[in-house]
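What follows is each chain in one-letter form.
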Amino acid sequence: MDIDTAELLAGQIESREMNLKTLFAEDPARAEKMTVSAAGWTLDYSKNLVDEPTMKLLVRLAEKANLKQEIEAMFNGVHINKTEDRAVLHTALRSSKTSGLVVDGQDVYGDVQAVLKQMGEFANLIRTGKWLGATGKRIKYIVNIGIGGSDLGPAMAYQALAPFTKRSLKCFFVSNVDATHMAETLLQIKADQTLFIVASKTFTTQETMTNAHTARAWLVEKLGDAAVAKHFVAVSTNAAKVAEFGIDTANMFGFWDWVGGRYSMPSAIGLSLMIAIGPTQYKRLLSGYEAMDRHFRTAPFKRNLPVLLALLGILYSNGYGADSYAVLPYDQYLARFPAYLQQLDMESNGKSVDREGNPVDYMTGPIVWGEPGTNGQHAFYQLIHQGTRLIPADFIGFCKSHNPLSDHHDKLMANFFAQTEALAFGKTAEQCRAEGVPENLVPFKTFEGNHPTNTLIAPELTPKTLGALIALYEHKVFTQGIIWNIYSFDQWGVELGKVLAGKILKELSDTTLPLAHDASTNALIAYYRANKRTK
Ligand code: G6Q
């Protein structure tokens, strides 16, 4: 991060106390000035601890980091993922262009369209019952076997877009190597009506391959070896490994090394989702992503939704020392959205060395957490309102519900609006006294307020608005990575644990192997060995 500007930012915060009540009183047009719309979404960021000079300073931070050029580099396929020497082209996955981008000798848009066509044809075969299982029955159950980036996106979106799914098909997402995940899923499906999608970019991930082999053995036991061809397809970049597993590569849906796992939902990794919602709705999802991509690439920073969210996040992380931010969707269909964002943000920007390999001396990626409203209100909001930490929050809501039962939606949205109002403006001791609160209780019933929030609102949760929402956060994370001068597209931090787990696995199965870990790990493994199930 540009040190001069960072210091300026800190100085600005120290020297000028921001009070939301005062800021709103001073400028009646504040809400209007600080509301921006794009790609079906409206962002009201007026309930943040900023005024116009602060916003200008924040925008300068983006300019000094050469954000504009960095955005172009990403869209144009420059190898911006330097530590893995790869382009970062998830934006190409949702582009409606069919030609015009050649990267490393590959016709990127052409290849993307070809896979989308293959996916669409396959999805239609399943949806219309033309693809039959080995015993001649229609497919009714889809089991996506994948983990991390090959699971969280389609699992989140399948739930988010439930109203758009074909309800006679049921999708399951098995990720955990804990056998319980697979075992409990197998209890709910019938082999001759099930399609397993093995989704793995590398096709070597321990959890996914273990689950895939277990599923295969279960199916073969029930229907025989020859049934595998009708009940297993693969999504991968590794054709050799797919063939080795026993899946015909004609039933493989490809993608490319320039698609990072946590950015891969709009690639073939979204196959289960496409089967569920159909190719037409899937196309609308992609068009939502594309609309936000276009906005991010072209809008001036001060009216650019992803850039604004990124800059406000930096203000709280680096200016105020906030450790986390909460994402609070007021929509039950978005229940998995915070978990999806956790990977997107924390795996991307959980970095502590800069692009030159030097340790950073400022905060980078925040902790992301959240739950749908109103449930969270009855659980953890107390700490946001009256705790000692600053927790900025993004409130996400919709004007229309897919389930217009009595007055549920007005009640939901009344809470949505009430919370950001209460967080911003609180309740003074004087107000408490005027309400007759006994003096000894006044300190407990006073709400300091001045807690910053963003409000993101759209007419309705649709494939299009969901696509735009995901792209909004993807580009927010990208922008922050640029300003923090870190690499957002690698994830070396997950490697060490994987290597150690491989070594320990041998020690758990062969209990005669000597243990040479630290004393704590040795003792824990010994305890497990002594108590594990032996048959
Ligand atoms: C995401 C990560 C990681 C990855 C999984 C699954 O950005 O790289 O979550 O998606 O480890 O990897 P495979 O798709 O290769 O099985």
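Preceding this paragraph is the structure being described.
A brief report on the enclosed structure follows. Please read these numbers as outputs of a predicted model, since none were measured by experiment.

The subject of this paragraph is the overall build of the protein. Along its length, the protein carries 22 helices and 13 strands. Relative to the compact-globule value of 24 Å for 535 residues, the protein shows a C-alpha radius of gyration of 25 Å, a close match. Buried positions account for 53% of the 535 residues belonging to the protein. For the protein, the share of sequence-separated contacts (at least 6 apart) that also reach a separation of at least 24 residues comes to 73%. Roughly 23,700 Å² of accessible area belongs to the protein as shown, and the carbon and sulfur atoms make up 54% of that amount.

Put simply, Gly373 and Thr374 share a cis peptide bond, and its omega is 10°. In this structure, Thr374 sits in the loop between β11 (367-369) and α16 (381-386). Even without a glycine there, the phi angle at Asp85 is positive, about 50°. Mapped onto the fold, Asp85 is located in the loop between α5 (67-75) and α6 (90-93). Residue Ser406 is not a glycine yet carries a positive backbone phi of 30°. With respect to the helices and strands, the residue Ser406 is situated in the loop between β12 (393-398) and α17 (408-425).

Bringing the site of the ligand into the picture now. Taken together, the neighbourhood of the ligand is formed by 13 residues, with Ser150, Ser200, Lys201, Thr202 and Thr205 sitting nearest. In the model, an oxygen atom of the ligand is placed 2.6 Å from a nitrogen or oxygen of the Thr202 side chain. Out of a free accessible area of 400 Å², the ligand has 86% covered by protein chains. By residue class, the composition of the shell around the ligand is one nonpolar, nine polar and three charged.

What follows is about the pairing of β12. Taken across its six residues, β12 has six buried, putting it largely inside the fold. Because side chains alternate across β12, one face comprises the buried residues Ala393, Phe395 and Gly397, and the other comprises Asp394, Ile396 and Phe398, equally buried. In terms of strand pairing, strand β10 (residues 324-329) meets β12 through four bridges, oriented parallel. Opposite Pro329, over in β12, you have Ile396 as the bridge partner. Alignment of β12 against strand β13 (residues 453-458), held across six bridges, turns out to be parallel. From the neighbouring strand, Ala393 faces β13, where its bridge partner is Thr453.

With that settled, the discussion passes to the side chain of Glu474. For Glu474, the position within the fold is in helix α20 (residues 463-483). Classification of Glu474 as buried rests on a relative accessible area of 1%. At 2.6 Å, the side chain of Glu474 and the side chain of Arg94 are in polar contact.

Here the focus is the sheet that holds strand β6 (residues 170-174). Spatial ordering of the open sheet is given by β6-β5-β7-β8-β9, a layout of five strands whose pairing is parallel. The open sheet has two edge strands, β6 and β9 (252-254), and neither has a second partner. Recorded for the sheet is a direction-independent mean angle of 20° between the axes of neighbouring strands. Alignment of strand β5 (residues 141-145) against β6, held across five bridges, turns out to be parallel.

Right, let's get into helix α9 (residues 179-186). The complete set of buried residues in α9 reads Met182, Thr185 and Leu186. Buried positions in α9, seen along its axis, are confined to an arc of 100° and lie on one side of it. Buried residues in α9 make contact with β5, β6, β7 (194-199) and α10 (206-223).

Viewed as axis vectors pointing N to C, helix α14 (residues 305-319) and α20 meet at an angle of 50°, and their least axial separation amounts to 8 Å. Judged by the inter-axis angle, α14 sits oblique to α20. The way α14 lies across α20 gives a crossing that is right-handed. Contacts between α14 and α20 pair Leu305, Pro306, Val307, Leu309, Ala310, Leu311, Gly313 and Ile314 from the former with Leu472, Tyr473, His475, Lys476, Thr479, Gln480 and Ile483 from the latter. For the contact of α14 with α20, the residue count by class is ten nonpolar, four polar and one charged.

Now for the pattern of salt bridges. Summed over all chains, the structure comprises 20 salt bridges. In this structure, Glu507 and Lys503 form a salt bridge, with 3.5 Å as the shortest nitrogen-oxygen distance. Taken together, the residues span about one helical turn, with Glu507 and Lys503 both in helix α21 (residues 495-509) at a distance of four residues. If you follow the salt bridges from partner to partner, you end up with Asp27, Lys33 and Glu52 in one network.

It is worth spelling out the packing of aromatic side chains at this point. Taken as a whole and judged by the stated rule, the model has 24 aromatic pairs. Ring centres of Tyr381 and Phe395 lie 6.3 Å apart, and the angle between their planes is 85°; on these two criteria the pair is classed as edge-to-face. Here Tyr381, found in helix α16, pairs with Phe395, found in strand β12; they are 14 residues apart in sequence, far enough to count as distant. For Phe395, a relative accessible area of 0% gives the class buried. When the centroid spacing of 6.2 Å and the interplanar angle of 65° are considered together, the rings of Phe395 and Phe416 count as edge-to-face.

The rules behind the values
Residues numbered from 1 in each chain as written. Predicted model: local features only at pLDDT ≥ 70, side-chain atom pairs only at ≥ 80, totals over all residues. Heavy atoms only, no water. Helix = DSSP H or I, 4+ residues; strand = E, 2+ residues; numbered from the N terminus. Rg over C-alpha atoms; globule rule 2.2 N^0.38 Å. Buried < 20%, exposed > 50% of the residue type's maximum accessible area, 1.4 Å probe, protein only. Contact = heavy atoms within 4.5 Å. Areas by Shrake-Rupley, 256 points an atom, 1.4 Å probe, with all protein chains shown as cover. Near = heavy atom within 4 Å. Polar contact = N/O pair within 3.5 Å; in protein donor to acceptor, adjacent residues only side chain to side chain. Nonpolar A, V, L, I, M, F, W, Y, C, P; charged D, E, K, R; others polar. Pairing = 2+ DSSP bridges. Axes fitted to C-alpha atoms, helices over the stretch in contact; angles between N-to-C directions. Arc of directions from axis to C-beta. Parallel < 35°, antiparallel > 145°, perpendicular 65-115°, else oblique. Left-handed = near helix turned anticlockwise from the far one by under 90°. Salt bridge = Lys/Arg side-chain N within 4 Å of Asp/Glu carboxyl O. Phe/Tyr/Trp six-rings, centres within 6.5 Å; stacked < 30°, edge-to-face > 60°.

Scope: geometric values only; no functional claims are made or implied.
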